[in-house]
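# Survey of secondary and tertiary structure
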Amino acid sequence: MVLHTTPYSSACLHFLDGLSWSLVFPCYWFLDRLLASCVATSLEKRQRSQEPCSFLTLCVLISAPLYLLLLLASLPFALLGFIIWAPLQAARQPYLYTYCRPDKHQAEQGQAGGGVGEWRPQGRSFCFCSANVCLLPDSLARFNNLSDTHRRAREVGKRIHNGASRPQIKIYIDSPTNTSISAASFSSLATGFRRTSSLDQRPDQTHTTNGPADTEAEPATECPIHPSGATDCPVHPSASDQDCPLHTAGAKSSSDCPVHTSGEAPDCPVHSTVKSSTDCPLHTSGVQISISAPEPDPQEEDAETGNHRPGEQGGAETGSMTASRESLTRYHGSDGGIGISSNNTLSHVPRTSIFKRPGRKRRHGDETFDHEISAFFPANLDFLALQEVFDHGATTRLRRQLHRYFPYILSDVGRYGWKGCCSRFKFLNSGLMLASRYPILDARYECYPNGRGEDALAAKGALFAKVHVGTSHQEQRVVGYVTCTHLHAIEGDASVRCEQLDLLLQWGAEFRQSSSVPPEGEKVLEDLVAFDVILGDLNFDNCSSEDKLEQQHALFTQYKDPCRLGPGEDKPWALGTLLDPSGLYDEDVSSPESLQKVMENEEGRKEYLVFPPSKSQCPASSQKGRKIPLKGNGRRIDYILYSDEGLQQDWKLEIEEFSFVTQLAGLTDHLSVAARLAVSTGEEEP
């Protein structure tokens, strides 16, 4: 199936759309600025109270009347443009598919996205993330105590890219009793080695480098792989660094080691003080660590193209010049030794990044997977589902940033006008966006027809995608299904949300059925389904007494919620994802690290999370400073659900780790959620 790579099928319609919008845009912009000048955020109010006669106050007093006059002057042109624009929306495509072709350097080094290589017999793990980013037009975003939508869109994209593209550690333990693999980020080293059910393939014993990084590291006096007297390094059989995976091409000596950006080897985040190879935690048998890092981004701009057919295997991440500040953590080695293999150099990682404390991974009771509150997005993120990406300019800026990491993106999802939804005119699209490191084979958007009140002004719905994640030995495609959705938001409309959940299940079944039918006249092998995942903002939580109807919906019999024990009861570690808007600019939660610390504290959660409304408190009132007792850990309305029904026989889908992510602190009123799922095939590794 051919995906929609342009908003319109005709160049003439595309021209008319641009012409009409150029007439409408001035009026739209003046109206947005006029409303924005009348609605101040808590940060702006604080600034004005501190300086009543400040320049900011004078600007508001002068600009508001000016915006009003310009708005009135632009109305005739806007009316003419609207008459042209509105009928065109009936012919507009329901989404825009963009593909970022990898640059030459990445293609040569084989760092192109997630890749659609041969499906390994033992299976694979995939990482999913969902985030509500609240990128409404600036005037509407201010009702959520947020402003400057375009700036926030760029920053959201940068933080997601930096978090997902940071270095990752994989720990391989060889012993007669354990052959498991720990596939986690550097944060897993904060508490020592651990064992998980990750199914990533063990690296080969032959390693290559990817060439020099763009930034030069300061020479170290002593290489961490080759301390004085080390002659039996398991990574370098010849005791030389010519093939060292941690040295840039052309490095002649250990002094060019990119791990150490200064001359102080004892400050290395991986090594404790090393005097001989026997003391080095990198030199013993039985354990291997694989460190992978993204290639530096050679240029800031991105190349977006629509001339790509689904199933093409050339997708690539475009890399990053910097990693997340929290991507590395100090590790104090024990007597065990570990051999290191690497796919990339780490010379472009700033030295300041190695001292930040990451999220603590915990395992509660009989839980079979780890969970954490993390200050950054998971490394090697495969699929990202975003909600409330409504503003057109913000969509463009966010998509440009995300294409630095995700080759395949579905954006501008939804309909405007009257076409395809219901009788209500849609001023905003669905706000959905889906980014993938794997090729998208098919996609479909459906609009919920039962929206009410202000929610009916947006084309909220569900975006379904089929992705190609591998090819079996029998030349069968291995695919996965990813659904991104955003349900009705108005409190008290439980019946509306239940109807939308019914439609979500119905549309999902229809999409899987239609996308599995081969083209007429072609004989192809049946696809192997690896996973079926739903991500999004469902606008109800599992603990509120007002959401009992949704909590008992059939959705939770077909899909599993990792945070849920049953209707009305979450697991003890589950965290609310809706932040109290009035506290977004408090210093205690102004950065990812500080918000992470607050969320790890019960009193902090009570102060900054929104909790289910009680009889003694108005639902719309502020959460801060309340004295009433609160139960649970806040309203968890952002979900990652997965189903093991419909998978290939003997295949299993299990969760490896779950994270509540604070990296978008100050940019949105939601916490992000992330989960890593392991697909096991029941076969043993050859």
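Below is a short write-up of the structure. (Residues numbered from 1 in each chain as written. Predicted model: local features only at pLDDT ≥ 70, side-chain atom pairs only at ≥ 80, totals over all residues. Heavy atoms only, no water.)

Mapped onto the elements, C484 comes out in strand β14 (residues 477-486). Overall, the relative accessible area of 0% leaves C484 in the buried class. Other than its neighbours up to four places away in sequence, C484 contacts A385, L386, Q387, L432, M433, G461, A462, L463 and L535. (Helix = DSSP H or I, 4+ residues; strand = E, 2+ residues; numbered from the N terminus. Buried < 20%, exposed > 50% of the residue type's maximum accessible area, 1.4 Å probe, protein only. Contact = heavy atoms within 4.5 Å.)

Below, the discussion takes up the nonpolar core. Side chains of nonpolar character tend, in soluble globular proteins, to be buried together. Among the nonpolar cores identified, the biggest contains 91 residues, and V469, F531 and F658 are the most heavily contacted of them. For this core, the element with the most residues is strand β15 (residues 528-537), which contributes seven residues. If near-sequence neighbours (up to four positions away) are discounted, F658 is found in contact with F369, D370, H371, E372, P562, C563, W573, I640, V673, A674 and A675. Judged by nonpolar contacts, the second largest core, of 26 residues, contains A164, L398, A435 and V661. (Core = buried A, V, L, I, M, F, W, Y, C linked by side-chain atoms within 4.5 Å.)

A few words now on unusual backbone geometry. Phi angles above zero are rare outside glycine, and D148 is one such case at about 50°. Relative to the assigned elements, D148 resides in the loop between α5 (138-141) and α6 (149-164). The class of D148 is partly exposed, set by a relative accessible area of 37%. The backbone phi angle of E388 is positive, close to 60°, even though this residue is not glycine. Residue position: E388 is located in strand β9 (residues 383-389).

A few words on the pairing of strand β12 (residues 440-447). Within β12, six of the eight residues are buried, which leaves it mostly tucked inside the rest of the structure. Examined bridge by bridge, β12 and strand β13 (residues 461-471) share seven bridges and lie antiparallel to one another. Of the residues in β13, the one forming a bridge with R444 is F464. (Pairing = 2+ DSSP bridges.)

It is worth spelling out the environment of H670 at this point. Following the sequence through the fold, H670 ends up in the loop between β19 (652-661) and β20 (672-680). For the pair H670 and D638, spaced 32 residues apart in the sequence, the C-alpha separation amounts to 8.3 Å. Side-chain polar atoms of H670 contact the side chain of D638, separated by 2.9 Å. (Polar contact = N/O pair within 3.5 Å; in protein donor to acceptor, adjacent residues only side chain to side chain.)

Read from one edge to the other, the open sheet built from five strands follows the order β12-β13-β14-β15-β18, with strand pairing classed as mixed. Strands at the two margins of the open sheet, each flanked by one partner only, are β12 and β18 (638-643). Ignoring which end each strand starts from, the neighbouring axes of this sheet average 15° apart. Across six bridges, β15 lies against β18 in antiparallel orientation. Looking at β18, one finds that L535 is bridged to I640. (Axes fitted to C-alpha atoms, helices over the stretch in contact; angles between N-to-C directions.)

Looking now at the pattern of salt bridges. Enumeration according to the criterion identifies 24 salt bridges in this entry. A salt bridge links R636 to D561; its shortest N-O distance comes to 2.9 Å. Of this pair, R636 sits in the loop between α12 (602-608) and β18 while D561 sits in the loop between α10 (555-558) and β16 (564-566), and the two are 75 residues apart along the sequence. You can call D561 buried: its relative accessible area is 8%. Taken together, the salt bridges that share partners define one network made up of D32, R33, E44, D138 and R142. (Salt bridge = Lys/Arg side-chain N within 4 Å of Asp/Glu carboxyl O.)

Residue placement: T577 occurs in the loop between β17 (569-570) and α11 (592-599). Of the polar contacts made by the side chain of T577, one reaches the backbone nitrogen of I637; its length is 3.1 Å. Apart from residues lying up to four places away in sequence, T577 is in contact with R635, R636, I637, D638, F660, D669, H670, L671 and V673.

A few words on the packing of aromatic side chains. A complete count under the given rule lists 28 aromatic pairs for this structure. Ring centres of F82 and W85 lie 6.0 Å apart, and the angle between their planes is 35°; on these two criteria the pair is classed as tilted. Note that F82 and W85 are positioned in helix α3 (residues 55-88) at a spacing of three residues, about one turn of the helix. Ring pairs connect the aromatic residues F82, W85, Y416, F425 and F427, which therefore count as one cluster. Just above the ring of F556 sits the side chain of R564; from NZ or CZ to the centre is 4.1 Å. (Phe/Tyr/Trp six-rings, centres within 6.5 Å; stacked < 30°, edge-to-face > 60°. Lys NZ or Arg CZ within 6 Å of the ring centre and 35° of its normal.)

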